[in-house]
Every structure is written in C-alpha cells, then in structure tokens.
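# Structural overview
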Amino acid sequence: MFGLEKRDTLLLGVVILLTLFAPFILNPFPADSGLAQFNAGYPDLMQRFVIFGIFAIGFNILFGLTGYLSFGHAAFLGVGSYSAVWMFKLLSYNVVPALVLAVIMAGLFSALIGFISLRRSGIYFSILTLAFAQMSFNLAYSVLTPITNGETGLQIYTSDPQYLQSVDAPSFPNLFGAAMNSSTTLFFGSWTFTFSVGYYFCAVFLILAFYLAIRIFRSPFGMMLRAVKSNQQRMNYTGLNTRPYTLAAFVISGMYAGLAGGLLAAMDPLAGAERMQWTASGEVVLMTILGGAGTLIGPVLGAGFIKYFENIFAKINDNVLHGWFAFMPDGIEDAMVAIIHPFVGKGWHLTLGLLFMLVVIFLPGGLVEGGQRLGRVFRRKDSNAGSVEADAAKQRNEAAE
C-alpha cells in the first residue's frame, strides 16, 4: 500500500493511529486526579510533540543515514520561523504561503551551508556546522535587526501591510479561515479531551514527513547514503563522487527543519533568535540518539520523550513533592523531597542527562532497541511455552499408546 512494504505500511499505520488519538492517549488520568499533572494532552504540548518530531525525522535523514553529525540544524529551524512570520506580516495570516516560503528559504540556506561544510567530514564537519549556526544566531540577534528585530524577536503588528488579509479573516494564523488556536473540548466523566485545529494540522505534516522518510530510507538513494556511512573512503576509491548525495541529504534535512520552524511560527506567530542557538541543535541530536539514530520511528519517540520531560517534569516543584510524600512522617518527608528536588523542576535536565547516559551505555540503539529487546523476550517466552506444551502432548500420546 502507498508503495510500501507490509512492515513499513504497518509502521505508518501505527504512527497515524497514535497521532489521531493522541488527545486520548496522552490524557490517561482524570482532570480531578492527583496524577492529572502527568497528562500531556493539551494542544500546545501536542503541537510541540509533532513539530519537533518532524525536526528530528529530518535530522535523522542526514545523521542516521550518512553518519554526518550536524550541530547547526537550529539555523534552518530559525530561518523557517523568520520566513513564515514575514509572510504573515506582508501577505496574510494564511499558513500555506508561509510554510512554502519557510521550506524554500531553509532549503536554499542549507544548500549554501552544506556546500561549504561537506568539503570536510567527521568532527571538522560538525565544527563547521556549529560555527555557521552560531554566526546565524549572532546575525539574527544583533546584526540583521531590521529583518529579525533582534533580541525582541520578529512579531506581527497592526501596522504591518498584510496586503492579502481580508477583513473577515481571523487575526491569527489560519488555514483558509480555520484558526490554528481554535479547539473543541470533549468532556467524558472526569476526563477532558481537547481537539485543536493547530495540532491536527501539524499532525498531517508529521504523517507526510514520516511517509517521505520511509520512501527515502527504502530507495536506492537511501542505500547510497547508507553506503556513505558504512565506508565513504572506499566509495571514493571506486571513483564515485559521494558529495552530491550527501549534499542532497543535507538539503532535505534542512527543509524538514524549515518546515518545523514554519509550523512553530504558525502555532505562535513569533520568531526569535533563540531558536537558532546551538542548544537547539544539540536538542535534536539528543532526540535522534535517544530514540534510535538510523531508525524510522526512533526520532519521533525521542522528540516526544524529551518534550514530555521539558514540559511535565519541569513543573514538579517542592509543593507537589510534599503532596506526594505527605503520608510519611515529617522528617522522612523532608528527606525524600530533598533527595528528589535536584532532579525535577529546574533540574529536569539532570534527570534527562542521566537517562541519556543510561540509554547510550545500555541501549546504543536508543528506545527502539529497548522495544526490540522486550519483543524478543516475549517471543522467547511464547516459544518456550509452546515447546513445553508440545512436549507434554507428546508424552501424553506416548503414555496412551
């Protein structure tokens, strides 16, 4: 189906189901429950799940297939955001032209940076991309202030021309009148489920991005990129020029990042230089490695994992911890809060760092490898149970004879 093998079609179906039913899956606890703070089914967080999933999928096409580690992909994310906001300022709040320009500008910018950076490989390539990202950040922050509005960030004002904006159109990014911030709430007992236009708009792009990634992974182009990762030097010795392939992968990856940046601006029409910082580039590296570099579903899982920690665990403060351990004697309660305090709230990065270390040490293939190991364990148990039943049946037959 859709030109995919059965296994890939099943994987695409799983992604579609997860994105469609995310408001239910991410709200497992009732709204009046003490565990409701662990729910992640509100629009802003779900939008970030899918947007950064797109960002990580694109990064994985470069890093997972070719092995080229870029620390500059945040530059393309920022270019996409700035381009989208400029379209909102000049034309209208319609998200279609904004996203088109975001992808095109990110593609052109990544072609320029990739053409220069891909003259080197290994750590030198990584340093070059990091340098370009930092230069882009500084340009946006202090040099190109007429274009980027500097540290304040690029915003939309009532004085902006918006030549194609109609009077009756929403004054917020929209898809032909359907505002991205509009939503519908469903109440089911103590549960509350919110269905956002913006989330499902982003989810459609995640599904399309995932489908395109599958096609790239299974194509001859994808096989060539894997060969580059396996032994680029040997390919060069055969007389094959690998640079066009790596540059194409770099540009495709940059366009994914530009799309993610455009979607961020569509959900919140503001573009700031902080999106181009090296920390944002490092974050997508963590997402990809944590989920499983070189796998299809891994970057999406890694993006969701990190964004969940960033938004849920960061909200756990001392008052919440005291509520959890209120049943204990005061001394023990205070001790437990003191032990856990450094790992939550503002210290959630410490917990994420420890988890990342554990994954790298014990699960080099990321969360996907962990799932595969669990699957093999259960299959082994089922096969052992089946063999035991077969032996018992054989013994009964022999006894009957």
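Residues numbered from 1 in each chain as written. Predicted model: local features only at pLDDT ≥ 70, side-chain atom pairs only at ≥ 80, totals over all residues. Heavy atoms only, no water.

Looking at an unreviewed UniProt entry, the chain carries the name ABC-type branched-chain amino acid transport system, permease component, with the source organism given as Sulfitobacter delicatus. In its Subcellular location (unreviewed entry) section, the UniProt entry covering the chain states "Cell membrane". (UniProt positions renumbered as here; feature names shortened; annotations may be inferred.)

This next bit is on the overall build of the chain. Counting secondary structure elements, the chain contains 16 helices and 4 strands. The principal-axis extents of the C-alpha atoms in the chain amount to approximately 90 × 70 × 45 Å. Counting over 401 residues, the chain shows a buried share of 45%. Expressed as a percentage of contacts within the chain between residues at least 6 apart in sequence, the contacts between residues at least 24 apart total 73%. For the chain, the exposed area adds up to about 20,200 Å²; of that, 67% sits on carbon and sulfur atoms. Here the chain carries 23 positive and 21 negative side-chain charges, and the mean point of each set is 15 Å from the other. (Helix = DSSP H or I, 4+ residues; strand = E, 2+ residues; numbered from the N terminus. Buried < 20%, exposed > 50% of the residue type's maximum accessible area, 1.4 Å probe, protein only. Contact = heavy atoms within 4.5 Å. Areas by Shrake-Rupley, 256 points an atom, 1.4 Å probe, with all protein chains shown as cover. Lys, Arg positive; Asp, Glu negative; His and termini not counted. Charge placed at Lys NZ, Arg CZ, Asp CG, Glu CD.)

To continue, consider the packing of aromatic side chains. All told, the structure shown has 19 aromatic pairs when counted by the stated rule. Between F21 and F24, the aromatic rings sit 6.5 Å apart at their centres with planes inclined by 45°, giving tilted as the arrangement. The class for F24 is partly exposed, based on a relative accessible area of 36%. A ring pair is formed by Y199 and Y200, whose centres lie 4.9 Å apart and whose planes are at 70°; its orientation type is edge-to-face. Members of the aromatic cluster, connected to one another through ring pairs, are F38, F305, Y308, F309, F313 and W324. Between the NZ or CZ atom of K89 and the centre of the ring of W86, over which it lies, the distance is 5.6 Å. (Phe/Tyr/Trp six-rings, centres within 6.5 Å; stacked < 30°, edge-to-face > 60°. Lys NZ or Arg CZ within 6 Å of the ring centre and 35° of its normal.)

So, about the pattern of salt bridges. If charged atoms from side chains of opposite charge come close, those side chains can pair. By the definition in use, this model includes 5 salt bridges. Between E283 and K307 there is a salt bridge, with its nearest N and O atoms 3.4 Å apart. In this pair, E283 is assigned in helix 11 (residues 278-291) and K307 in helix 12 (residues 298-311), connecting sequence segments 24 residues apart. R373 is the salt-bridge partner of E369, the closest N and O atoms lying 2.7 Å from each other. Taken together, the residues E369 and R373, both in helix 16 (residues 366-400) and 4 residues apart, mark about one turn of the helix. Among the residues examined, E369 registers a relative accessible area of 17% and is labelled buried. (Salt bridge = Lys/Arg side-chain N within 4 Å of Asp/Glu carboxyl O.)

As a further point, take the nonpolar core. Generally speaking, soluble globular proteins have nonpolar side chains that are buried together. The biggest cluster of nonpolar side chains holds 87 residues, and the ones touching the most others in it are I51, F210 and L263. If one sorts the elements of this core by residue count, helix 3 (residues 43-66) sits on top with 13 residues. Not counting chain neighbours up to four residues away, the residues in contact with I51 comprise C202, A260, L263, L264 and M267. (Core = buried A, V, L, I, M, F, W, Y, C linked by side-chain atoms within 4.5 Å.)

You will see that N149, though not glycine, has its phi angle at about 65°, which is positive. Assignment of secondary structure puts N149 in the loop between helix 7 (145-148) and strand 1 (174-175). In this structure N149 comes out as partly exposed when scored by relative accessible area, which is 30%.

Among the 6 residues in strand 3 (residues 183-188), 0 count as buried, and that is only a small part of the element. As paired elements, strand 3 and strand 4 (residues 191-196) share 6 bridges and run antiparallel to each other. In the strand pairing of strand 4, L186 is matched with F193. Counted between consecutive antiparallel strands, the loop separating strand 3 from strand 4 contains 2 residues, among which G189 sits at a positive phi close to 65°. (Pairing = 2+ DSSP bridges.)

A few words on the side chain of S70. Its location among the elements puts S70 in the loop between helix 3 and helix 4 (73-90). Side-chain polar atoms of S70 contact the backbone nitrogen of G72, separated by 3.2 Å. A distance of 3.0 Å separates the side chain of S70 from the side chain of H73, its partner in a polar contact. (Polar contact = N/O pair within 3.5 Å; in protein donor to acceptor, adjacent residues only side chain to side chain.)

Turning to the environment of G370, a few remarks are in order. Here G370 shows up in helix 16. The sequence separation of G370 and V359 amounts to 11 residues, and the corresponding C-alpha distance is 8.8 Å.

As a further point, take the packing of helix 3 against helix 9 (residues 220-237). In the contact formed by helix 3 and helix 9, the axes pass within 7 Å of each other and the chain directions differ by 50°. Judged on the interaxial angle alone, helix 9 and helix 3 are oblique. Note on element contacts: helix 9 touches helix 3 through L225, R226, V228 and K229, opposite I61, F63, G64, L65 and T66. When its residues are assigned to classes, the contact of helix 3 with helix 9 shows 5 nonpolar, 2 polar and 2 charged. (Axes fitted to C-alpha atoms, helices over the stretch in contact; angles between N-to-C directions. Parallel < 35°, antiparallel > 145°, perpendicular 65-115°, else oblique. Nonpolar A, V, L, I, M, F, W, Y, C, P; charged D, E, K, R; others polar.)

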